[in-house]
Amino acid sequence: MILARIIGTVVATRKDPRLEGKKLLVCQPINPKGEDEKGYVIAVDTVHAGFRERVLVVAGSSARMASGCKDTPVDAAIVGIVDQISRDSD
Amino acid sequence: MFLGKVIGNVVCSVKDEALTGKKLMLVDRLPNGPTVVAIDAVGAGAGETVYFCRGKEASFAFLPDEIPTEATIVAIVDTIYAEGE
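A quick note: this is a predicted structure, and the numbers were derived from the prediction, not measured.

Right, let's talk about the overall build of chain B for a bit. Counting secondary structure elements, chain B contains zero helices and five strands. Helices and strands appear in chain B in the N-to-C order β-β-β-β-β. Its C-alpha atoms give chain B a radius of gyration of 13 Å, within 12% of the compact-globule value 12 Å for 85 residues. Projected onto its principal axes, the C-alpha positions of chain B cover 45 × 25 × 20 Å. Put simply, chain B has 85 residues, and 36% of those count as buried. Contacts in chain B between residues at least 24 apart in sequence constitute 52% of all its contacts with a sequence separation of at least 6.

Okay, structure coming up:
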């Protein structure tokens, strides 16, 4: 799983019927310090995350195990809203 | 599977129901890979060298529960022996 920050939303009218009602968010991967990493990922929101929140994104086939994603064409899902990141070096 | 070093933890109060009660650890892939968030299945602690598995197999550590995870710490490493070192 990776840490990410929500930087936008995606709207799609024509899509797989199994994706109807699912919120698609643009996530920017971040490192534990909160700095941006390369790339982005579009993830299905399962925890009602909001703009600029730090979240936990699960990618790959395990994303389908997130609630409401069973048997859907999803390979990235937001499964948690991060409250706190503790690093031992801090 | 990969070797990693536990460098911290992550706290989420709003999360997938299946993740309730699971410890989320920050793990640096050794020797100098990216940092990932992994669920702890063995009670690993800060600074420990562990090995973790990635992908769908990561959720098999919690069978029969279906946990949405793609990285799970499955062992705490005691020693590593590699030829030439």
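That shown, we press on.
All right, on to the overall build of chain A then. Each helix and strand in chain A was counted, giving zero helices and five strands. Walking chain A from its N terminus toward its C terminus, one meets helices and strands in the order β-β-β-β-β. In terms of overall size, chain A behaves like a compact globule, its C-alpha atoms giving a radius of gyration of 13 Å where 90 residues would be expected to give roughly 12 Å. Based on the C-alpha atoms only, the size of chain A along its principal axes is roughly 45 × 25 × 20 Å. In chain A, buried positions account for 34% of the 90 residues.

With 29 residues of chain A in contact, the opposing surface of chain B contributes 28 residues. A breakdown of the residues in the side of chain A that touches chain B according to their chemical character gives 16 nonpolar, ten polar and three charged. Note: strand S5 (residues 76-87) of chain A against strand S1 (residues 2-15) of chain B, seven bridges, orientation antiparallel. The residue of S1(B) that forms the bridge with A:Ile85 is B:Val10.

Confidence in the prediction of chain B, expressed as mean pLDDT, is 89, and 99% of residues score 70 or more. For this predicted complex, the interface confidence score (ipTM) comes to 0.79, while the overall pTM stands at 0.86.

Attention now goes to the nonpolar core. Residues A:Val55, A:Leu56, A:Val57, A:Ala77, A:Ile78 and B:Val37 are the most contacted members of the largest nonpolar core, which totals 46 residues. Of all the elements, S5(A) adds the most residues to this core, at six residues. Look past the residues within four positions of A:Ala77 in its chain and what remains in contact with it is A:Ala43, A:Val44, A:Thr46, A:Val58, A:Ala63, A:Ala66, A:Cys69 and B:Pro68.

All names here are of chain B. Mapped onto the fold, Ile80 is located in the segment after strand S5 (71-76). Ile80 sits in the exposed class, given 10 other C-beta atoms within 10 Å. Separated by twelve residues in the primary sequence, Ile80 and Pro68 place their C-alpha atoms 30 Å from one another.

Strand direction decides the pairing type here: strand S1 (residues 2-10) of chain A and strand S4 (residues 54-59) of chain A, joined by four bridges, are antiparallel. By the bridge assignment for S4(A), A:Ile2 is matched with A:Val57.

All names here are of chain B. A cis amide bond links Leu30 with the next residue in sequence, Pro31, at an omega value of 5 degrees. If you trace the backbone, Pro31 turns up in the loop between strand S2 (23-29) and strand S3 (35-40). Of note, the amide linkage connecting Leu63 to Pro64 takes the cis form, showing an omega dihedral of 5 degrees. Among the structural elements, Pro64 can be located in the loop between strand S4 (49-54) and S5.

Reading guide: rules and limits
- Residues numbered from 1 in each chain as written.
- Chains lettered and ligands numbered in written order.
- Predicted model: local features only at pLDDT ≥ 70, side-chain atom pairs only at ≥ 80, totals over all residues.
- Helix = DSSP H or I, 4+ residues; strand = E, 2+ residues; numbered from the N terminus.
- Rg over C-alpha atoms; globule rule 2.2 N^0.38 Å.
- Buried ≥ 20, exposed ≤ 12 C-beta atoms within 10 Å, placed from the backbone.
- Contact = placed C-beta atoms within 7 Å.
- Nonpolar A, V, L, I, M, F, W, Y, C, P; charged D, E, K, R; others polar.
- Pairing = 2+ DSSP bridges.
- pLDDT = per-residue confidence, 0-100.
- Core = buried A, V, L, I, M, F, W, Y, C linked by C-beta atoms within 7 Å.

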